Amino acid sequence: MAVAKRTFDVVIVGAGGSGMRAALALSEAGLKVAVLSKVFPTRSHTVAAQGGIAASLGNISEDNWHWHMYDTVKGSDYLGDQDAIEFMCRAAPEVVYELEHFGMPFDRLENGTIYQRSFGGHMQDYGKSPVQRACAAADRTGHALLHTLYQKNMQSNTIFFVEWMALDLIRDEDGDVLGVVAMEIETSEVMVLQARATLFATGGAARIFQASTNAYINTGDGLGMAARAGIPLEDMEFFQFHPTGVYGAGVLISEGVRGEGGYLLNKDGERFMLRYAPNAQDLASRDVVSRAIATEIKEGRGCGKHGDHVLLKVDHIGDAVIRQRLPGIRDISLKFAHVDPAQDPIPVVPTAHYMMGGIPTNYHGQVVAPYKTGPEEVVQGFYAVGECACVSVHGANRLGCNSLLDLLVFGREVARQIIEDLQRNPHPKPLPHDAAERPLARLARLKSQKNGESVAEVGVEMRRVMQNHCGVFRFPDLLAQGVEKIRTVAERVKNTMINDQSKVFNTACVEALELDNLIEVAQATMVSAAARQESRGGHARDDYPERDDDHWLKHSLYFSQGQKLDYKPVRLKPLTVESFPLKARVY
Ligand SMILES: Cc1cc2nc3c(=O)[nH]c(=O)nc-3n(C[C@H](O)[C@H](O)[C@H](O)COP(=O)(O)OP(=O)(O)OC[C@H]3O[C@@H](n4cnc5c(N)ncnc54)[C@H](O)[C@@H]3O)c2cc1C
């Protein structure tokens, strides 16, 4: 079947903060840039980010990038690559000031500088006391950021393909990436987008779990496409469970609430975090707080009829502060918990939130992977940035506000790298003749399949298996069963059908294609988690409760073909400073 083709200098899949930051720099450099998004660009999940962007501006309390770097290395449970972490923390103030100059409406202090609040794991003087490092626009920081970047992209003539879904990567015999095959969601029209550089900025995949703070579109499409093209996925066992999702609804209550003075209570009215993290208390790292909540619940000190959640108390900070600094949180608790936080505590529970792993890259955003049986090398023409990438600055656990920072720093850096690489590579390589074959065959099979399984039912089963077998605490027997169960679900995914082809917006087809990607991520996560016999950051094994640096201070690489695992060393050497030595992680 003949498929239409368009050619660009750069194709970016994803219009969240990372994709738009990169697009802006590339368009401003005069390149022809296409950005694809499943939804209108400003509806990407970045828009939901609440709390802030981490940068050591020191506007309220003394701060510097060395302390920020230390907190990030410690927060990552020493799995983060220290070269990339140094690169990010040093650049943080600069990318925030850039945003300010783009017109981002940050909250302000009396003296006109950017408002900063406390966040979990952000400390002064190498872990001694909390610092105010999160640059915020009320509790709608992502909203302000995304709109600012979208407007700047409009100004610099970035070309948007709105409601277009990328289906697969195009990779030739040499392993080089030459673009993507994509589908217009409304019409099902398939097109080849050829590019000299292809950048994935497709965001996270916490939708593999039943209870998730993520948008429904966060289905790990970039990871699915990369995995199918033979690229391994790095550190997929590390998902972050955010301590405070609204009980029953999953919607996020930002850590900014605790940053503004809120704290957690168990059923006895006890501030239990004092026992788990005497120093940082409610502002300990997220994995620590989530495990504390899960333990309180497990040991019978949970709240409510079923004892299955805890309470977040905020009323003492007063209605005026809540309305000024946390207006979105106030709305969310009224709508989803039916609670006015100025009167009553908000019921919360740990909820899947962020994917630390992803497509392996170096700190220039170039994808780095072995090809066939060769050594690891830069994949020509292929880049990844944002939550879909594993740089790895977050290691085994991400600190709050370091993701928006990651989008900005590496979005800008990958653009610089692409501009440099394209100077050496002025012409597009010819496309393989079968570039669109796999996605076309998949679509044809989906549409003609009779007596198949329902996409929705198989999706529910996948999320249930992930939730029950790979949650906050991980148990050996449940993991072993989980590997088998998720493999069975993967077989069922191949046999799904679209029930209702009459829908104008073709959503059934999109959901089926998303499930193909989700199941790649789910399998990578389960298999990698079952293999890692230690507890580190977001991966807490009941049978191996300690971190084991002798055997497991390494990144995992999961290969979809054959479900094989390999490992590679953590880059412990920073760029210009001394490494932070390994230490037990206490808050
Ligand atoms: C509720 C919530 C609050 C958060 N708060 C904070 C915070 O305060 N501070 C912080 O640092 N981090 C926060 N995070 C994390 C942070 O917001 C995300 O990690 C980050 O925004 C992800 O940005 P991104 O650019 O990688 O992707 P996203 O913003 O998720 O965008 C992904 C883009 O990819 C597109 N896409 C995906 N698949 C395809 C496909 N197949 N074809 C075409 N397009 C595709 C989507 O349409 C979208 O445009 C929060 C996360 C959540 C869920």
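See above for the structure.
Keep in mind it's a predicted model, so treat the numbers as computed, not measured.

**Overview of the site of the ligand**
- Within the structure, the ligand sits among 39 residues, and S44, H45, T46, E387 and L404 are positioned closest to it.
- In the environment of the ligand, an oxygen atom lies 2.4 Å from a nitrogen or oxygen atom belonging to the side chain of T46.
- Contacts to the ligand include A166, whose backbone N or O atom sits 2.8 Å from a nitrogen atom.
- Relative to its free-state accessible area of 1000 Å², the ligand is covered by the protein chains to the extent of 98%.
- Where the shell around the ligand is concerned, the elements lending two or more residues are α1 (17-28), β2 (33-37), β7 (164-171), α5 (221-228), β14 (346-355) and α11 (402-424).
- A total of four residues in the shell around the ligand trace back to one element, the largest contributor, which is α11.
- Split by residue class, the shell around the ligand holds 16 nonpolar, 19 polar and four charged.

**Structural notes on the sheet that holds strand β10 (residues 233-234)**
- Reading across from one edge, β10-β23-β24 is the order of the three strands in this open sheet, with antiparallel pairing throughout. Edge positions in the sheet fall to β10 and β24 (564-569), since each has one partner strand and no second.
- The pairing of strand β23 (residues 554-559) with β24 spans six bridges and is antiparallel. Its bridge partner lying in β24, F559 is registered against K564.

**Focus: the side chain of K568**
- Secondary-structure assignment places K568 in strand β24.
- Look at K568 and you get buried, because its relative accessible area is 12%.
- Polar contacts involving the side chain of K568 include one to the side chain of E234, which spans 3.4 Å.
- In this structure the side chain of K568 is engaged in a polar contact, spanning 3.5 Å, whose partner is the side chain of E376.
- Setting aside chain neighbours within four positions, we find K568 in contact with E234, P360, E376, K554, H555 and L557.

**Some remarks on the pattern of salt bridges**
- Under the criterion given, the structure shown has 51 salt bridges.
- Put simply, E86 and R90 hold a salt bridge, and the shortest N to O gap is 2.8 Å. Here E86 pairs with R90, and both are found in helix α3 (residues 82-102), just four residues apart, close to one helical turn.
- Classification of E86 by relative accessible area gives buried; the value is 0%.
- Classification of R90 by relative accessible area gives partly exposed; the value is 41%.
- The closest approach of N and O atoms between R424 and D421, which form a salt bridge, is 3.0 Å. In this pair, R424 and D421 both sit in helix α11, three residues apart, roughly one turn of the helix.

**Observations regarding the environment of E260**
- Among the secondary structure elements, E260 is positioned in the loop between α6 (256-259) and β12 (263-265).
- Along the primary structure E260 and R325 are separated by 65 residues, whereas in three dimensions their C-alpha atoms are 8.2 Å apart.
- Among all residues touching E260, those that are not within four sequence positions of it are Y115, R117, I317, R325 and L326.
- Among the polar contacts listed, one links the side chain of E260 to the side chain of Y115, at a separation of 2.6 Å.

**Overview of helix α8 (residues 286-298)**
- Taking 1.5 Å per residue, 13 residues should reach 18 Å; α8 reaches 18 Å between its end C-alpha atoms and fits that length.
- Counted residue by residue, α8 has ten buried out of 13 residues, so it is predominantly covered.
- Turning to α8, its buried residues are R286, D287, V288, V289, S290, A292, I293, A294, T295 and E296.

**Quick notes on the nonpolar core**
- Residues V11, L36, V180, F200, I359 and F382 are the most contacted members of the largest nonpolar core, which totals 84 residues.
- The element that contributes the greatest number of residues to this core is helix α15 (residues 507-531), accounting for 14 residues.
- Contacts of F382, omitting those with residues within four sequence positions, involve L169, V177, T198, F200, A226, I231, I359, G365, Q366 and V367.
- L24, W65, A197 and F410 belong to the second-largest nonpolar core, a separate cluster that totals 59 residues.

**A word on the environment of R171**
- Along the chain, R171 turns up in strand β7.
- Since its relative accessible area comes to 18%, R171 is described here as buried.
- A sequence separation of 260 residues divides R171 from L431, and the C-alpha atoms of the two residues are 8.4 Å apart.
- In this view, R171 contacts D176, V177, A229, G230, I231, Y371, V379 and P432; residues no more than four positions away in its chain are not counted.
- At a separation of 2.8 Å, a polar atom in the side chain of R171 contacts the main-chain carbonyl oxygen of G175.
- Separated by 2.7 Å, the side chain of R171 and the backbone oxygen of A229 make a polar contact.

**A word on the packing of helix α2 (residues 65-75) against α3**
- In the contact formed by α2 and α3, the axes pass within 9 Å of each other and the chain directions differ by 140°. Our classification of the angle between α2 and α3 gives oblique. Of the two possible hands of crossing, α2 and α3 adopt the one that is right-handed. Counting all contacts with α2, which are made through W65, H68, M69, T72 and V73, the residues of α3 involved are Q82, I85, E86, M88, C89, R90 and A92.
- Of the residues contributing to the contact of α2 with α3, the split by class is seven nonpolar, three polar and two charged.

**As for the pairing of strand β11 (residues 239-246)**
- Counting buried residues along β11, eight of its eight residues qualify, which places the element largely inside the surrounding structure.
- Looking at chain direction, β11 and β14 are connected through six bridges and run antiparallel. Across the sheet, residue Q240 finds its bridge partner in β14, namely Y354.

Rules used in this analysis
Residues numbered from 1 in each chain as written. Predicted model: local features only at pLDDT ≥ 70, side-chain atom pairs only at ≥ 80, totals over all residues. Heavy atoms only, no water. Near = heavy atom within 4 Å. Polar contact = N/O pair within 3.5 Å; in protein donor to acceptor, adjacent residues only side chain to side chain. Areas by Shrake-Rupley, 256 points an atom, 1.4 Å probe, with all protein chains shown as cover. Helix = DSSP H or I, 4+ residues; strand = E, 2+ residues; numbered from the N terminus. Nonpolar A, V, L, I, M, F, W, Y, C, P; charged D, E, K, R; others polar. Pairing = 2+ DSSP bridges. Buried < 20%, exposed > 50% of the residue type's maximum accessible area, 1.4 Å probe, protein only. Contact = heavy atoms within 4.5 Å. Salt bridge = Lys/Arg side-chain N within 4 Å of Asp/Glu carboxyl O. Expected span 1.5 Å × (residues − 1). Core = buried A, V, L, I, M, F, W, Y, C linked by side-chain atoms within 4.5 Å. Axes fitted to C-alpha atoms, helices over the stretch in contact; angles between N-to-C directions. Parallel < 35°, antiparallel > 145°, perpendicular 65-115°, else oblique. Left-handed = near helix turned anticlockwise from the far one by under 90°.

By themselves, these observations are geometric and do not establish any function.
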